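Chain by chain, the residues run as shown.
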Amino acid sequence: DAKTTQPNSMESNEEEPVHLPCNHSTISGTDYIHWYRQLPSQGPEYVIHGLTSNVNNRMASLAIAEDRKSSTLILHRATLRDAAVYYCILVGSGGYNKLIFGAGTRLAVHP
Amino acid sequence: DTGVSQNPRHKITKRGQNVTFRCDPISEHNRLYWYRQTLGQGPEFLTYFQNEAQLEKSRLLSDRFSAERPKGSFSTLEIQRTEQGDSAMYLCASSYGQGAIRPNEKLFFGSGTQLSVL
């Protein structure tokens, strides 16, 4: 399985930007980088995905390194509702018909 | 569209009892997944259905576990002779697709069933 590495936890203050890193040094050329997040007492929810270029949507931005061995999920202005566990997952060339989750990064947001 | 629905939200049972959970996926979704999540860990894959066919089962799914998806709609996950180690959140997810997950395919998760085995 293509693996990702994320910090166990991070902290942020409300209304400040948050950069959540993910290392995926064994990524293959056709793997997409997906991010999901899991709010307390909820199932995971899709956040964003990308292949090579940086991506933006209403929830977040995804910055992908030029060599694609790492990526960063960017929350431009953290809110208390962004406190969650964030998962970085590789999807694609492995031919997997399921998502494989790691432990993710637990983000705490302080008022 | 109300999303993926799971019932019950919470289940407390005594060791040795059987329990059954239900998942109602998003109506047009043909894929359905069951995951298990213990405290502090990410979700672990249990099993996967494409329509009514169960195409993959994890080694985590012992012979005490059985999942069905009759008619390719809702699914049930049954645990027989529950053990304390079965205490976990059981998550269901659905999506639409064929074969390997497409790069832009998104899974939609329910809120899970929290099982406590006493």
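Before going into details, it helps to say that this report is about the structure given with it. (Residues numbered from 1 in each chain as written. Chains lettered and ligands numbered in written order. Predicted model: local features only at pLDDT ≥ 70, side-chain atom pairs only at ≥ 80, totals over all residues. Heavy atoms only, no water.)

### Things to note about the overall build of chain B
When helices and strands are tallied, chain B shows zero helices and eleven strands. Secondary structure elements of chain B occur, N-terminal to C-terminal, as β-β-β-β-β-β-β-β-β-β-β. For 118 residues, the compact-globule estimate of 2.2 N^0.38 gives 13 Å, and chain B sits close to it at 14 Å. With respect to the three principal axes, the spread of C-alpha positions in chain B is 40 × 30 × 25 Å. Evaluated residue by residue, chain B yields a buried proportion of 48% over its 118 residues. In chain B, once contacts between residues fewer than 6 apart in sequence are set aside, the share between residues at least 24 apart is 55%. Within the structure as shown, chain B displays about 5900 Å² of accessible surface, and the carbon and sulfur contribution to it stands at 46%. When the 15 basic and 12 acidic side-chain charges of chain B are each reduced to a single mean position, those positions are 4 Å apart. (Helix = DSSP H or I, 4+ residues; strand = E, 2+ residues; numbered from the N terminus. Rg over C-alpha atoms; globule rule 2.2 N^0.38 Å. Buried < 20%, exposed > 50% of the residue type's maximum accessible area, 1.4 Å probe, protein only. Contact = heavy atoms within 4.5 Å. Areas by Shrake-Rupley, 256 points an atom, 1.4 Å probe, with all protein chains shown as cover. Lys, Arg positive; Asp, Glu negative; His and termini not counted. Charge placed at Lys NZ, Arg CZ, Asp CG, Glu CD.)

### Examining the environment of Val109 of chain A
Residue and element names in this part refer to chain A. Mapping Val109 onto the fold places it in strand 9 (residues 105-110). Its relative accessible area of 10% is what places Val109 among the buried residues. Along the primary structure Val109 and Ala78 are separated by 31 residues, whereas in three dimensions their C-alpha atoms are 7.1 Å apart. If we skip the residues at most four places from it in the chain, Val109 touches Ser12, Asn13, Glu14, Ala78, Thr79, Leu80, Asp82 and Ala83.

### Overview of the sheet that holds strand 6 (residues 61-64) of chain A
The four strands lie next to each other as 2-7-6-5 (chain A), forming an open sheet whose pairing is antiparallel. Each having just a single partner strand, strand 2 (18-23) and strand 5 (55-56) of chain A make up the two edges of the open sheet. (Pairing = 2+ DSSP bridges.)

### What about the interface of chain A and chain B?
Counting residues at the interface gives 20 residues for chain A, matched by 24 residues for chain B. For the pair chain A and chain B, the summed buried area comes to about 1800 Å², and 57% of that belongs to carbon and sulfur atoms. For the chain A face of the interface with chain B, the top three residues by lost area are Asn97, Lys98 and Phe101 of chain A, together amounting to 30%. At the surface where chain A touches chain B, the tally comes to one salt bridge. In this structure, Lys98 of chain A and Glu56 of chain B form a salt bridge, with 2.6 Å as the shortest nitrogen-oxygen distance. For the interface between chain A and chain B, the tally reads eight residue pairs in polar contact (both at pLDDT 80 or more). When contributions to the side of chain A that touches chain B are tallied by element, the ones reaching two or more residues are strand 3 (32-38), strand 4 (45-50) and strand 8 (84-91) of chain A. Here the side of chain A that touches chain B takes four residues from strand 3 of chain A, the largest share from any one element. For the side of chain A that touches chain B, the per-class residue count stands at ten nonpolar, nine polar and one charged. (Buried area = accessible area lost by both parts, 1.4 Å probe. Salt bridge = Lys/Arg side-chain N within 4 Å of Asp/Glu carboxyl O. Polar contact = N/O pair within 3.5 Å; in protein donor to acceptor, adjacent residues only side chain to side chain. Nonpolar A, V, L, I, M, F, W, Y, C, P; charged D, E, K, R; others polar.)

### Here's the deal with the environment of Asp86 of chain B
Residue and element names in this part refer to chain B. Structurally, the position occupied by Asp86 is in the loop between strand 8 (75-79) and strand 9 (88-95). On the basis of relative accessible area, Asp86 is assigned to the buried category, the value being 3%. Each C-alpha atom of the pair Asp86 and Val117 lies 6.9 Å from the other, and the pair is 31 residues apart in sequence. Setting aside anything within four residues of it in sequence, one finds Asp86 in contact with Arg64, Phe65, Ile79, Leu115 and Val117. Only 2.8 Å separates the side chain of Asp86 from the side chain of Arg64, close enough to count as a polar contact.

### A look at the sheet that holds strand 7 (residues 65-68) of chain B
Residue and element names in this part refer to chain B. Ordered in space as 1-3-8-7, the four strands form an open sheet in which the pairing is antiparallel. Looking along the sheet, the strands with just one partner apiece sit at the ends: strand 1 (5-7) and strand 7. Between one strand axis and the next, the sheet turns by 15° as a mean value, whatever way the strands run. Bridge count for strand 3 (residues 19-24) against strand 8 is five bridges, and the pairing is antiparallel. Along strand 8, the bridge assignment pairs Thr20 with Glu78. (Axes fitted to C-alpha atoms, helices over the stretch in contact; angles between N-to-C directions.)

### Some remarks on the packing of aromatic side chains
Here the structure, examined in full by the defined rule, presents eleven aromatic pairs over all chains. Taken together, a centroid distance of 6.3 Å and an interplanar angle of 35° make the contact between Tyr33 of chain B and Tyr35 of chain B tilted. Residues Tyr33 of chain B and Tyr35 of chain B agree in their burial class; the two are buried. Geometrically, the ring pair formed by Tyr35 of chain B and Phe109 of chain B is tilted, given 5.7 Å between the ring centres and 55° between the ring planes. Separated by 74 residues along the polypeptide, Tyr35 of chain B in strand 4 (residues 31-37) and Phe109 of chain B in strand 10 (residues 108-109) bring together distant segments of the chain. Its relative accessible area of 0% is what places Tyr35 of chain B among the buried residues. Among the aromatic residues, those joined into a ring-pair cluster are Tyr36, Tyr46, Tyr87 and Phe101 of chain A together with Tyr33, Tyr35, Phe45, Tyr48 and Phe109 of chain B. Stacked on the ring of Phe45 of chain B, the Lys or Arg Lys98 of chain A has its end atom at 5.0 Å from the ring centre. (Phe/Tyr/Trp six-rings, centres within 6.5 Å; stacked < 30°, edge-to-face > 60°. Lys NZ or Arg CZ within 6 Å of the ring centre and 35° of its normal.)

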